Structure formats: structure tokens, C-alpha cells
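# Coordinate inspection notes
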Amino acid sequence: MKFIHTADLHLDREFEGLVQEVPYQPYKILEKIIDFAIGEAVEVVFFAGDNFHQSQPSIKIQTYFASQLARLAPHGIQAVVIFGNHDYYRKSVYWVQFSDNVTVFHSETVMTKKLTLKTGETLAVSAFSYQHPHISEDKIVDYPLRDYTCDYHIGLFHGEISGQRFAPANLTDMLSKDYNYWALGHIHLASQLADSVIYSGTPQGRNKKESTNLIVYGDILPSGNLIYFQDLAEVHFETVTLDLSDCQTLSQVLTYIASNLIDEAVCYSLNLKNYENVADNLQEAIENEELLEELRQKNIIVKLKLLPLASNKQLLTSIEVPEFAMPAIDFKDIYSLVPHKKDIQEIFDDPEFVAEVQENISLYVSQYFEFGGGQDEN
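Let me begin by describing the structure that accompanies this report.

Conventions adopted
- Residues numbered from 1 in each chain as written.
- Predicted model: local features only at pLDDT ≥ 70, side-chain atom pairs only at ≥ 80, totals over all residues.
- Heavy atoms only, no water.
- Patch = residues over 30% accessible without salt bridge, like charges linked within 9 Å, V, L, I, M, F, W, Y side chains within 5 Å.
- Areas by Shrake-Rupley, 256 points an atom, 1.4 Å probe, with all protein chains shown as cover.
- Salt bridge = Lys/Arg side-chain N within 4 Å of Asp/Glu carboxyl O.
- Lys, Arg positive; Asp, Glu negative; His and termini not counted.
- Charge placed at Lys NZ, Arg CZ, Asp CG, Glu CD.
- Helix = DSSP H or I, 4+ residues; strand = E, 2+ residues; numbered from the N terminus.
- Buried < 20%, exposed > 50% of the residue type's maximum accessible area, 1.4 Å probe, protein only.
- Phe/Tyr/Trp six-rings, centres within 6.5 Å; stacked < 30°, edge-to-face > 60°.
- Pairing = 2+ DSSP bridges.
- Axes fitted to C-alpha atoms, helices over the stretch in contact; angles between N-to-C directions.

Quick look at a negative patch on the surface now. Residues Asp280, Glu284, Glu287, Glu289, Glu290, Glu293 and Glu294 make up a contiguous surface patch of negative charge. Of all the elements in the fold, those that place two or more residues in the negative patch are helix 5 (279-287) and helix 6 (290-295). Tracing the chain through its elements places Glu289 in the loop between helix 5 and helix 6. Here Glu289 falls in the partly exposed class, since its relative accessible area comes to 48%.

Turning our attention to the packing of aromatic side chains. On inspection of all chains with the given rule, the structure shows 18 aromatic pairs. Aromatic pair Phe128 and Tyr143: ring centres 6.4 Å apart, planes at 80°, arrangement edge-to-face. On the criterion of sequence distance, the pair formed by Phe128 in the loop between strand 6 (122-127) and strand 7 (152-158) and Tyr143 in the loop between strand 6 and strand 7 is long-range, its members being 15 residues apart. Neither Phe128 nor Tyr143 differs from the other in exposure class; each is buried. Taking the centre distance of 5.0 Å and the plane angle of 55° together, the rings of Tyr143 and Trp182 count as tilted.

Pairing is mixed in the open sheet, where six strands are placed in the order 5-6-7-8-10-9. Bordering the open sheet on either side are strand 5 (111-116) and strand 9 (191-194), each of which pairs with just one other strand. Between one strand and the next, the sheet's axes are offset by a mean angle of 20°, whatever the strand orientation. Direction of pairing for strand 7 relative to strand 8 (residues 181-185): parallel, over a ladder of five bridges. When the bridges of strand 8 are listed, Phe157 appears paired with Leu184.

Quick look at the structure:
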């Protein structure tokens, strides 16, 4: 059985930390996945949750998702969908009907559904969907043992190994079910916990922290699973550190930096080190953003940063604010300044919303702000 496993599409989420326009829309990654599935003639595509970034996705993005999955139908390819903590399922917010080739798990109760593939083989899929932004209980205990009356048995799971808020699980319990494969979602970086237990990660990163952009392309055979990670992303975020020790002039600096920015589809975060020969002028060009403006003529630059010089600590003493230094946001104080509506209060009381705002502010600070002065002054 040939399959694709993807998760955490977050279709209605934009790129983060960019001041330049990117011609590629991140939601278009779904079209690349569907094209790949058709081209490889797989039997089934698994979507392991957080298909949307919002719990109430727009009609437009719902329609887009459903229409792309319907493209699989003429090729006899089935899709299996669960909802995660971001797009937790509520029937009242959905406007679309999925095509007949799509199997959707709506319930927070673990269920098993059986499919007949285009090969005539049978597939059992056990899964659940979130109906709330958090699930504190272990859901793996509710998954049944492998159904040997079917040719294959797959487990779909959106959650975390250990933890407390997102259906905490452990690998041993998963392996005890003896499934052919576990398709995991929630973690945005690809991770293979065991031969048959895999987080595919997000297929299209939205910021510099999401550095793996992959889907899983697998084939389950009697001899075992063949697993391949496939990168279909149009845009990648990369952090590059450049050594300027051989640059004697500013002209050489500019030429050297430009020669290392070879991909127009990469969003670069640049760290410059060993720039003693041009330190004063280079620091001035970065502080007034002149160099940043020049580099952005041809490339997407998220951040440009000078690393401290070992030979003279006084030349640069900027310290990046660590994430743990961010103060907590007082949402009660903010709420007192806005109209007192029930729906606004519910949003402010949602721990997921608070955590996401805090995370996004921390990300913004790390990309755009530095604090000058010596270490004693910060």
C-alpha cells in the first residue's frame, strides 16, 4: 500500500517575520501534495490534524481544502482527515461537504473505520479528532489492537509524546498496538520515533524555526515499510553564518555575502562573524539598515545580525533577547480596554490563544530587536 502522510498544513496561516512580499502563497503547498499523490499513484493520503490554523476557518479556505481532496477521486485515491488542536472540530462552523473519497473523523472518541482501496485491499484506520483546543487524557489507551481481518491497520494521532495539554502519549503504547504505521501530527519538525511511528512535520514552514518542510511517502510491503521524506515546499527558511575574515573592504563584504545568497526562494537569516577589518563601517551600515536594504533587492532577508567579535568585545555588544525573558501578557488588563462582549472574553480566556500570542511576540522580538550596551547594562 502506497501512501502519503502529511500534517500541520495550517492552510490559513501566513509567513511570519517577513517584511518583503513572497510571490508564493503558503496554502499552495496542498496543491503540490495532491499533485505528488496523483503522480505517484498512491492509494491513500493521511492528514494528521491542524489542516487549518484557526478553529473557525473561512469559507474560502474550507472550500479550497475540500476541492483539492476531491481532485484525488478520479484517480481512485482516498483521503483520511482528522482535526487537531488548532482546527478542533465543531460542526457549526463548517460549510463544505467532502467528496466520497474522503473519510473524516469528527469525534473526540477513538474510532476505527474500514476502507477498501483501489487495489481491492482493505485498510483499517483508527483515529480521533479534537473537539476542544486541549485534551489532557491519554488517548492511545483507547486505540484497539491491530485488526488482522484487514490487510493494513494505520493509526492517526495528533498530539505529543509526554506533555500535558495535547493528548499526551508514549511510544511504547503505540508500538504495542502492532499497527503497520502511525501517522503523527502536532510537532512541526519531522521526526521518526520508530520505523513505523513518524511525525511528518509541517510541509511548508512559516518562520525560521520551522526548518524541515517534509511529507512522508511510504509503501507498506510484506517485507516491511519503505519510508521516504519528500520536500515539496516552494519556500524555505534558512539561517546562514558567514565568516568575513578574508574580506578587507566593504566591497568584498558585499560581494561575498551576495555570492552566498544563491536561492531566491529562501528566506535568509544572516549572521556575520569575524569582520574585524571592516567593523566600524559594517556596524553602521547594519544599524541604519542600508546593507539590509541593498541585500533585499535580490533576496528575501528575514534578519541580519552581527555576531560578537572575539578580539574586541567593545565593537559589538548586542545581546539577543532570549524567549524566556519575555514578560507575561496581562490579558485581563487588555480586556478592560475593549468592549465587554462574551465572544471576546472567551477568546482571552483560551489558554491556546494566550500561548500563541506570547509565542508570536517572542518570535517577533528575536527577529527584529536587539539591545545595545554591555552585558552589565542588559
